[in-house]
Amino acid sequence: MSRDNAARTTGRELKQSNICQSVDASGLTGTCDRTIRPTSVDELRTALLEAAAIQQRVTVRGAGTGLSGGAVPDGGLLVSLDRLEKKIVIDPQEMQVEVSASVTIAEIEEATRQIGLFYPPDPTEPAASIGGTIATNASGARTFRYGPTARWVDALTLLLVDGDEISLRRREVIASEGSMLLTTKNGREIDVPIPVRPDIDVTKNTAGYQLDDALDAIDLVVGSEGTLGIITSATLRLLERPEKTLSLLIFFSDQHDLLETVDDLRERSRKERIDVPTIGSSNDPEDPFSVRSIEYIDGRSLAQVAEHIAIEIPTAAAGALWVEQETTSVAIEEGERLENWWRYIESMSATTDATIVGLDDRSREVLRDFRHQVPLTAHRIVEQFSMSKIGTDLAVPEAQTGQMLRYYEEAIETSGLPAMIWGHIGNGHLHVNFLPRSKEERSAALVLYRDFAREVIRRGGTVSAEHGIGKIKCVMLAELMGNDSIDELRAVRRPFDPEDRLGCGTMFNSLRAGD
């Protein structure tokens, strides 16, 4: 989940007569008949029962930081969980934390930091609620090493649209022979068909339900975007907090050298990415250049952000990599580790003299601020023209990252549209951000976005790597999967919500591929 424009739009709700107007960080606006902000699960259940009695649609909203419009209502009842009673209970022995859905990523970070633990996925937006990040299977920079949210959810509670409830624990309910049997708190059995989807060879994918022939029920709910039920609480796995973290901002004058460095760091990090510990600590990497994150910022972004930050950016920089490495011991002395990195950076033809190092909290915060200023700068640019940026969420197989970046660059150059590119290059996941200055440029950017999506699909990628489908990418999902597969997803949803009242317009709409 990206930080992007969440700070400007989070939580905005306007009451006009009897109609509520609501918007999330995607900029999409919707209306509802009424809004409730329950403080307890019992209040929420009562509201759902009242809605069921009049066949009212229901949309659930967390912190409003989503970037695909999933929390934007399409009529009916809007349930905002921002006032739900907060609970954070940490079990240091089991390396777990139990949280209510309204708890934010920042609050989990603060609570776990105090006892030397951390929550590995670390979705980018600290104001995001954990319920929302589970519903979208959110991710962030550390996803390169630790994977997305789903991997770290051990248990959750799901409130159904009719007020009934399902409690799930990992490895207790597994799909078998194309179906999954769930039992609600009231004893009702829900038989869910589980079709097998063809694998998409990407390390981040939030396009539709995650389905396979041995699917864990937890993984069906994670990433379901509020279409199966409302997540009210969850138990998350934790790891020991690394004793040391090194951050590096490395500039390149040649994009070819930058891409070679990405490939090399990805290969060096391969073992730690596969062998993520299930309990205990994140161990020292075997390779001295194994990293937990590889982020990319293109030359256009660097040029635009230069005047807003204290960091000196080389004028000839074609792009930069922000990488982070963690260790949990003093097996390598700090000075030796830095010297090793300096030699490595030089060997990869990076601009050694301009490299910026973050060794302590203060210097790392400077680098984090730099990363934060990139999307903020994009917003400042478009706001001059009373426009909003258009950001993509596409990912390709990691081996095709360089080819896809060149495709983006050439298409942007040909179109003449202003744009900035940044994102999670280690995962093959780059955000192209169009900066339209007029309605005509906005229309042209949307056309180019669709072209990018089709090219990504052709290369075996996904149209949604971390933000979810929401209400703004339904047609792209249909193009990715095909109409028959969309119908299969609808069949998965139907046992949870036979009347099609929950999350209407999210993930599915009336359009089909080709419409």
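See the structure shown above.
Draft legend 1. Examining the overall build of the chain more closely. Check the secondary structure of the chain and you find 15 helices and 23 strands. Computed over C-alpha atoms, the radius of gyration of the chain comes to 22 Å, within 12% of the 24 Å expected from 2.2 N^0.38 for 515 residues, which places it in the range of a compact globule. Principal-axis analysis of the C-alpha atoms gives the chain an extent of 70 × 60 × 45 Å. Residues classed as buried in the chain amount to 58% of the 515 residues present. For the chain, the share of sequence-separated contacts (at least 6 apart) that also reach a separation of at least 24 residues comes to 71%. If you sum the accessible surface of the chain, you get close to 20600 Å²; carbon and sulfur atoms cover 47% of it.

Draft legend 2. Structural detail: unusual backbone geometry. Positive phi is not limited to glycine here, since glutamate 177 has a value of about 50°. Secondary-structure assignment places glutamate 177 in the loop between β11 (165-169) and β12 (179-183). For serine 349, which is not glycine, the phi torsion reads 65° and is therefore positive. Residue position: serine 349 is located in the loop between α10 (334-347) and β19 (356-358).

Draft legend 3. Geometry of the environment of proline 193. Position of proline 193 relative to the elements: it lies in strand β13 (residues 189-193). Overall, the relative accessible area of 31% leaves proline 193 in the partly exposed class. Once the C-alpha coordinates of proline 193 and alanine 175 are considered, the two residues, 18 residues apart in sequence, prove to be 8.8 Å apart. Excluding anything up to four places from it in sequence, proline 193 contacts Gly178, Ser179, Ala491, Val492 and Pro495.

Draft legend 4. Quick peek at the packing of aromatic side chains. Under the definition given, this model contains nine aromatic pairs. Relative to tyrosine 146, the ring of phenylalanine 118 has its centre 5.9 Å away and its plane inclined at 75°; by these criteria the two rings are edge-to-face. With phenylalanine 118 in strand β9 (residues 117-118) and tyrosine 146 in helix α5 (residues 143-146), the pair connects residues that are 28 residues apart, well separated along the chain. Assessed through its relative accessible area of 1%, phenylalanine 118 is described here as buried. Between the aromatic rings of phenylalanine 434 and phenylalanine 452, the centroid separation amounts to 5.9 Å while the plane-to-plane angle is 20°, which identifies the pairing as stacked.

Scoring rules and cut-offs
- Residues numbered from 1 in each chain as written.
- Predicted model: local features only at pLDDT ≥ 70, side-chain atom pairs only at ≥ 80, totals over all residues.
- Heavy atoms only, no water.
- Helix = DSSP H or I, 4+ residues; strand = E, 2+ residues; numbered from the N terminus.
- Rg over C-alpha atoms; globule rule 2.2 N^0.38 Å.
- Buried < 20%, exposed > 50% of the residue type's maximum accessible area, 1.4 Å probe, protein only.
- Contact = heavy atoms within 4.5 Å.
- Areas by Shrake-Rupley, 256 points an atom, 1.4 Å probe, with all protein chains shown as cover.
- Phe/Tyr/Trp six-rings, centres within 6.5 Å; stacked < 30°, edge-to-face > 60°.

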